[in-house]
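Listed below, chain by chain, are the residues.
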Amino acid sequence: EPEVTQTPSHQVTQMGQEVILRCVPISNHLYFYWYRQILGQKVEFLVSFYNNEISEKSEIFDDQFSVERPDGSNFTLKIRSTKLEDSAMYFCASRLGATNEKLFFGSGTQLSVL
Amino acid sequence: SQKIEQNSEALNIQEGKTATLTCNYTNYSPAYLQWYRQDPGRGPVFLLLIRENEKEKRKERLKVTFDTTLKQSLFHITASQPADSATYLCAPAGMTTDSWGKLQFGAGTQVVVTP
């Protein structure tokens, strides 16, 4: 079965550094998402992306964050000037189309900001 | 504000019994509701979707009900097995204000099935 793949599985960074989390959504999917989950808390929506632009973002997704689909396969989340509170598991997800409601999630990138 | 409430306490159940999980929502008018399973350190995995005009949906040992009047969904795992141990997330969705398919999840209910 097709999968959403995320790299790296773990990322450790120093506070203030920039990180890029990478995702390869399922190849024929059109909608892409980033979610995060702080340890012990719920899975939270960050941003949705469709037709090469952000379609919706949460209040968490401020100017520190950006997303990009640099080519036909990758979907990245950049976090500038990381803070301790950015430490979380970040999940990428994709969806086939408007009438296919279920989301397919990757296994996540565990980001630790020291 | 919109809220999704799931039992916060872990549900401990003996193998073979039926586990019943509750999802209540407020200030949502979902066209459908989804249930996902999440294992520790892993991403959510889709299980079932039930639409507002459906009272009940089944998939193998799983059953979901959806009561739009009560604003509640119940999720049942029948003949539970230790492999069913996981956290189960609900996500009301398909609001007319939401064109982009994002999901807002409840905090989830952890199910522990003991042999």
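Residues numbered from 1 in each chain as written. Chains lettered and ligands numbered in written order. Predicted model: local features only at pLDDT ≥ 70, side-chain atom pairs only at ≥ 80, totals over all residues. Heavy atoms only, no water.

Undergrad: I would appreciate a short explanation of the overall build of chain A in the present structure.
TA: From N to C terminus, chain A includes 0 helices and 11 strands. In sequence order, the secondary structure elements of chain A are arranged as β-β-β-β-β-β-β-β-β-β-β. Taking 2.2 N^0.38 as the reference for a compact globule, 114 residues should give roughly 13 Å; the C-alpha atoms of chain A span a radius of gyration of 13 Å, in line with that estimate. Projected onto its principal axes, the C-alpha positions of chain A cover 40 × 25 × 25 Å. Sorting the 114 residues of chain A into buried and exposed places 47% on the buried side. Taking the contacts inside chain A whose residues are at least 6 apart along the sequence as the reference set, 53% of them involve residues at least 24 apart. As displayed, chain A offers around 5800 Å² of accessible surface, 46% of which is attributable to carbon and sulfur atoms. Positive and negative side-chain charges of chain A, numbering 10 and 14 respectively, have mean locations separated by a distance of 1 Å. (Helix = DSSP H or I, 4+ residues; strand = E, 2+ residues; numbered from the N terminus. Rg over C-alpha atoms; globule rule 2.2 N^0.38 Å. Buried < 20%, exposed > 50% of the residue type's maximum accessible area, 1.4 Å probe, protein only. Contact = heavy atoms within 4.5 Å. Areas by Shrake-Rupley, 256 points an atom, 1.4 Å probe, with all protein chains shown as cover. Lys, Arg positive; Asp, Glu negative; His and termini not counted. Charge placed at Lys NZ, Arg CZ, Asp CG, Glu CD.)

Undergrad: Could you clarify how one ought to interpret the pairing of strand β9 (residues 86–93) of chain B in this entry?
TA: Look at any regular strand and the pattern is simple: side chains alternate between the two faces of the sheet. Residues and elements named next belong to chain B. Burial of β9 is extensive: 7 of the 8 residues sit out of reach of the surface. For strand β4 (residues 32–38) and β9, the ladder comprises 7 bridges, and the chain directions are antiparallel. Considered in β9, the bridge of Gln-38 is made with Thr-87. Bridge analysis of β9 against strand β10 (residues 109–114) gives 3 bridges, and the strand direction is antiparallel. Residue pairing across strands places Tyr-88 opposite Thr-109, the latter belonging to β10. (Pairing = 2+ DSSP bridges.)

Undergrad: Even after reading the chapter, I still don't get the confidence of the model for chain B, so can you show me in this structure?
TA: The predicted structure's coordinates, where accompanied by low pLDDT, should not be read in detail. Predicted confidence across chain B gives a mean pLDDT of 93, with 97% of residues reaching 70 or more. Within chain B, β10(B) carries the highest mean pLDDT (98), whereas strand β1 (residues 3–6) of chain B carries the lowest (94). (pLDDT = per-residue confidence, 0-100.)

Undergrad: Before we go on, may I ask you to explain the sheet that holds strand β3 (residues 19–24) of chain A in this structure?
TA: By way of backbone hydrogen bonds, the strands of a sheet pair with one another, either parallel or antiparallel. Residue and element names in this part refer to chain A. The strand order across the open sheet built from 4 strands is β1-β3-β8-β7, with neighbouring strands paired in antiparallel fashion. Among the strands making up the open sheet, the edge pair consists of β1 (5–7) and β7 (65–68). Taking each pair of neighbouring strands and ignoring which way they run, the sheet shows an average axis angle of 20 degrees. (Axes fitted to C-alpha atoms, helices over the stretch in contact; angles between N-to-C directions.)

Undergrad: Can you help me understand the state of the cysteines in this one?
TA: Two cysteines whose sulfur atoms are joined by a covalent bond form what is called a disulfide. Enumeration according to the criterion identifies 2 disulfides over all chains in this entry. In this model, Cys23(A) is linked to Cys92(A) through a disulfide, with the two sulfur atoms separated by 1.9 Å. Judged by the sign of its S-S torsion, about -65 degrees, the bond between Cys23(A) and Cys92(A) is left-handed. Taken together, the residues Cys23(A) in strand β3 and Cys92(A) in strand β9 (residues 88–95) connect sequence positions 69 residues apart. Of the two residues, Cys23(A) and Cys92(A), both sit in the buried class. Shown here is the disulfide that connects Cys23(B) with Cys90(B), its sulfur atoms set 1.9 Å apart. On the sign convention where negative means left-handed, the S-S torsion of about 60 degrees between Cys23(B) and Cys90(B) marks this disulfide as right-handed. With Cys23(B) in strand β3 (residues 19–26) and Cys90(B) in strand β9, this pair connects stretches of sequence that are 67 residues apart. The two residues Cys23(B) and Cys90(B) agree in class, both being buried. (Disulfide = S-S within 2.5 Å.)

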